[in-house]
Amino acid sequence: MGKHTKKVGICGKYGTRYGATLRKVIKKMEVTQHATYNCTFCGKNAVKRTSTGIWECKRCKKTMAGGAYVLSTSAAITVRTAIARMRKAKGLDV
């Protein structure tokens with residue numbers, strides 16, 4: 001088993017290599033990609049990343065596309081809200 005790390009968390013495996021700033025960036029990515037997310041279909045906190053951009057719910061077995069490190073990227077959220085705003089303006093409230 002590895003040693004307990006106080007600050008670096010999952011990036012402790014890199015030791016003192018690659019520089020502190022790069023390790024902080026990698027830590028943010030690795031923590032988000034290994035986290036579980038809420039499923040939009042069944043509502044459970046069971047969505048895990050299977051490969052780059054592919055996310056699968058362990059409960060309802062639905063597979064969905066998303067970001068490389070997070071299920072829903074900030075760009076996707078922006079597009080989703082813009083589409084909803086345009087639908088509302090047209091009167092096609094969904």
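Everything below is about the structure shown above.
Residues numbered from 1 in each chain as written. Predicted model: local features only at pLDDT ≥ 70, side-chain atom pairs only at ≥ 80, totals over all residues. Heavy atoms only, no water.

Peer 1: Explain the packing of aromatic side chains residue by residue, including any values.
Peer 2: Enumeration over the complete set of coordinates arrives at two aromatic pairs. When the centroid spacing of 5.8 Å and the interplanar angle of 80 degrees are considered together, the rings of Tyr14 and Tyr18 count as edge-to-face. Under the relative-accessibility criterion, Tyr14 is labelled partly exposed at 22%. An angle of 90 degrees between the planes, with centres 5.3 Å apart, marks the rings of Tyr37 and Trp55 as edge-to-face. Residue Tyr37 is found in strand β1 (residues 37-38), and its partner Trp55 is found in strand β3 (residues 54-57); the two are separated by 18 residues along the sequence. Residue class for Trp55 comes out buried when judged on its relative accessible area of 0%. (Phe/Tyr/Trp six-rings, centres within 6.5 Å; stacked < 30°, edge-to-face > 60°. Buried < 20%, exposed > 50% of the residue type's maximum accessible area, 1.4 Å probe, protein only. Helix = DSSP H or I, 4+ residues; strand = E, 2+ residues; numbered from the N terminus.)

Peer 1: Tell me what's going on with a nonpolar patch on the surface, and back it up with residues and numbers.
Peer 2: Together, Val79, Ile83 and Met86 make up a nonpolar patch on the protein surface, roughly 280 Å² of accessible area in all. Along the chain, the position of Met86 falls in helix α2 (residues 74-90). Its relative accessible area of 54% is what places Met86 among the exposed residues. (Patch = residues over 30% accessible without salt bridge, like charges linked within 9 Å, V, L, I, M, F, W, Y side chains within 5 Å. Areas by Shrake-Rupley, 256 points an atom, 1.4 Å probe, with all protein chains shown as cover. Salt bridge = Lys/Arg side-chain N within 4 Å of Asp/Glu carboxyl O.)

Peer 1: Which residues make up the sheet that holds β3, and what are the values?
Peer 2: With respect to topology, four strands assemble into an open sheet ordered β1-β2-β3-β4, the strand pairing being antiparallel. Taken across any chain shown, the strands that pair with only one partner, and hence form the sheet edges, are β1 and β4 (63-65). (Pairing = 2+ DSSP bridges.)

Peer 1: Give me the lowdown on the state of the cysteines, citing residues and values where you can.
Peer 2: Linking two cysteines covalently through their sulfur atoms gives a disulfide. Counted under the stated rule, the structure contains zero disulfides. With no disulfide of its own, Cys39 lies 3.7 Å from the sulfur of Cys60, the closest cysteine sulfur. Sulfur of Cys42: no disulfide; nearest cysteine sulfur belongs to Cys57 and is 3.7 Å away. For Cys42, a relative accessible area of 25% gives the class partly exposed. (Disulfide = S-S within 2.5 Å.)

Peer 1: A description of the pairing of strand β2 (residues 45-51) should follow, citing residues and the corresponding values.
Peer 2: The sheet contact formed by β1 and β2 spans two bridges and is antiparallel. Along β2, the bridge assignment pairs Asn38 with Asn45. Direction of pairing for β2 relative to β3: antiparallel, over a ladder of four bridges. Its bridge partner lying in β3, Lys48 is registered against Glu56. The hairpin turn running from β2 into β3, its antiparallel successor, is two residues long, and Gly53 in that turn takes a positive phi close to 80 degrees.

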